[in-house]
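Geometric and topological summary
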Amino acid sequence: MAVSIKVEHINPFILATIETFKTMMKLEVKPGKVTLERRTGFQSDLSGIIGLSGGAKGSVSMTFPKITALKVVSAFIGEKVVTMDDGVVDAIGELANIVAGAAKKDLVKYNISISLPTVVVGDNHELSGAKEVTPMYVPFETPLGNFNLVVSFKSEIA
Amino acid sequence: MAFIAVKAEHVNPFVTSTMETFSKMVGTEAKPGKISLKKNAVLNYDVSGIIGLSGGAKGVVSLCFPKASALRITNKFMGANHSDFNPETVDAIGELANIVAGNAKKGLTEFNIQISLPSVVMGANHQIMEPKDVLTFIVPFTTEFGEFHMCVSLKSGTP
């Protein structure tokens, strides 16, 4: 039986995403309805993934449609990019890294350490989490398009 | 924390672990090919299991499959007979990546590695991209059920 992630675990990731977009891109992003699902059928073209370990195990991903990814990266690096290249891939990995790094500061008691980012490039791919933990999906609305935050989190620490 | 440079030999525990995992858990031999640096190679896969590594070193390990070998390998692993991807296949890929990373860290005690939960990517012809400033090693494996790749990126902790 998969355990569910708790609200107190997901909130730091939602807040970190809002803060990161606000400070790095001057963009206001709005979280939508949070859902708990093994698979959503939500398909992305570009995803940044960071593994979490330490006193908790998990992963955090930010998944984008291509158009949104290009616009978000343009805002992030302050330069208009129109094609998917290594710079876009690096920026998406860096964005996931910043969000995970900021979120772990609000999860001090879990003493989380974060992995290197991995970026998945591929039209219409789908991300799935671990069997034992039901991941939480948070849709975000931004003026540049929508993206999803996906968090899996498991800890023995109460 | 002592600074330890990451070298090709640090990939060996992952290679050994993959061979053992396939032999013990899947029940088939996985033969490693030549280890190389991934550099700018464009490699497309259909399903990939990804595990983040952190602790005294940061990194990521992935097992990346074409669809046909992913189905045949996971069917053998689970004793199933699926003809297309389903949630069980996805779980099996995540579980294989988890076992490989979990066993490999025992051979890398100098890094005191901790592993994350697995993420599984499904999607025809996707690419897995690791950070450019870190060496990523790629090891092709052949099995009687088809081929797959294991990729390892590792960067030691700050000195």
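Structure shown above.
Read on for a plain summary of the structure. (Residues numbered from 1 in each chain as written. Chains lettered and ligands numbered in written order. Predicted model: local features only at pLDDT ≥ 70, side-chain atom pairs only at ≥ 80, totals over all residues. Heavy atoms only, no water.)

**Side note on the pairing of strand β4 (residues 44–53) of chain A**
Residue and element names in this part refer to chain A. Quick note on the threshold: Three exposure classes are used, based on accessible area relative to the maximum for each residue type with a 1.4 Å probe and protein chains only: buried under 20%, partly exposed in between, and exposed over 50%. A helix here means a DSSP run of H or I that spans at least four residues, while a strand means a run of E at least two residues long, and both kinds are numbered starting from the N terminus. Whether two strands pair depends on DSSP finding at least two bridges between them.
Summarising burial for β4: 10 of the 10 residues are buried, a large majority. Bridge count for β4 against strand β7 (residues 118–128) is 5 bridges, and the pairing is antiparallel. Counterpart to G48 in the pairing with β7 is V119. Where β4 lies against strand β5 (residues 56–64), 7 bridges are found, and the strand directions are antiparallel. In the sheet register, I50 faces β5, and the bridge partner there is V60.

**Overview of the interface of chain A and chain B**
Inclusion rule: Any two residues having at least one pair of non-hydrogen atoms within 4.5 Å are treated as being in contact. When two components associate, each loses some accessible surface as probed by a 1.4 Å sphere; the sum of these losses over both components is called the buried area.
Every contact between the two is made by 36 residues of chain A and, on the other side, 34 residues of chain B. Roughly 2700 Å² of surface becomes buried between chain A and chain B when both sides are summed, with 58% attributable to carbon and sulfur atoms. Broken down by secondary-structure element, the contributors of at least two residues to the side of chain A that touches chain B are β4, β5, α3 (86–104), β6 (113–114), β7 and β10 (145–155) of chain A. Tallying contributions element by element places β7(A) first for the side of chain A that touches chain B, with 10 residues.

**Looking at unusual backbone geometry**
One non-glycine residue with positive phi stands out, namely K26(A), at about 55°. Mapped onto the elements of the fold, K26(A) is located in the loop between α1 (7–25) and β2 (30–31).

Nothing here speaks to function; it is all geometry.
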